[in-house]
Amino acid sequence: RLAEILDLGLGADEMVGRVASSFMTPAEARMAAENDRRVLDEMRVMSFEERFILRGQEHLALSTRGPLRDERGQLIGTFLVARDITARVESERA
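Quick summary incoming for the structure in this document. (Residues numbered from 1 in each chain as written. Predicted model: local features only at pLDDT ≥ 70, side-chain atom pairs only at ≥ 80, totals over all residues. Heavy atoms only, no water.)

Take the pattern of salt bridges next. If you walk through the whole model with that rule in mind, you get 7 salt bridges. The partner of Glu-42 in a salt bridge is Arg-38, and the shortest N-O contact between them spans 3.4 Å. Taken as a pair, Glu-42 and Arg-38 lie in helix H2 (residues 26-42) at a separation of 4 residues, close to a single helical turn. Classification of Glu-42 by relative accessible area gives partly exposed; the value is 38%. (Salt bridge = Lys/Arg side-chain N within 4 Å of Asp/Glu carboxyl O. Helix = DSSP H or I, 4+ residues; strand = E, 2+ residues; numbered from the N terminus. Buried < 20%, exposed > 50% of the residue type's maximum accessible area, 1.4 Å probe, protein only.)

And the structure:
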């Protein structure tokens, strides 16, 4: 399972039951899946810049992904924490 915390300015009713890939183009979703595979291959927390679509507009997120373990330490999937950094990146470019 994928546990997600997305700082997208959406309410819980808009987030419950959705996975990160539902906010991405197919190409970006493939890249996110590759990032998950890399995290699991290396078994460590890693950060990535990932693009996503929100309300018809493209955004850039700084995502942190890592192995997700249960209370016994058994691997059960990956976690994702993402923060929208679009405004910051655009400001830096200006």
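Unlike most non-glycine residues, Met-43 shows phi in positive territory, near 50°. Relative to the helices and strands, Met-43 is located in the loop between H2 and strand S2 (46-54).

What follows covers the side chain of Thr-86. Structurally, Thr-86 is set in helix H3 (residues 86-93). Residue Thr-86 is classed as buried on the basis of its relative accessible area of 12%. At a separation of 2.7 Å, a polar atom in the side chain of Thr-86 contacts the main-chain amide nitrogen of Leu-60. Ignoring sequence-local partners within four residues, the contact set of Thr-86 consists of His-59 and Leu-60. (Polar contact = N/O pair within 3.5 Å; in protein donor to acceptor, adjacent residues only side chain to side chain. Contact = heavy atoms within 4.5 Å.)

Attention now moves to H2. Look at H2: 24 Å from first C-alpha to last across 17 residues, which is about the 24 Å you get at 1.5 Å a residue. Listed in full, the buried residues belonging to H2 are Ala-29, Ala-32, Asn-35, Asp-36 and Val-39. For H2, the arc enclosing every buried residue in end-on projection is 115°, short of the 170-degree limit, so these residues lie on one face. More than 90 degrees from the buried face of H2, the exposed residues found are Pro-26, Arg-30 and Asp-41. Backbone geometry just downstream of H2 places Met-43 in the positive-phi region, at approximately 50°. (Expected span 1.5 Å × (residues − 1). Arc of directions from axis to C-beta.)

A separate point is a nonpolar patch on the surface. A contiguous nonpolar patch, built from Leu-40, Met-43 and Leu-75 and spanning about 230 Å² of accessible area, is present on the exposed surface. On the basis of relative accessibility, which here comes to 41%, the residue Leu-75 falls in the partly exposed class. (Patch = residues over 30% accessible without salt bridge, like charges linked within 9 Å, V, L, I, M, F, W, Y side chains within 5 Å. Areas by Shrake-Rupley, 256 points an atom, 1.4 Å probe, with all protein chains shown as cover.)

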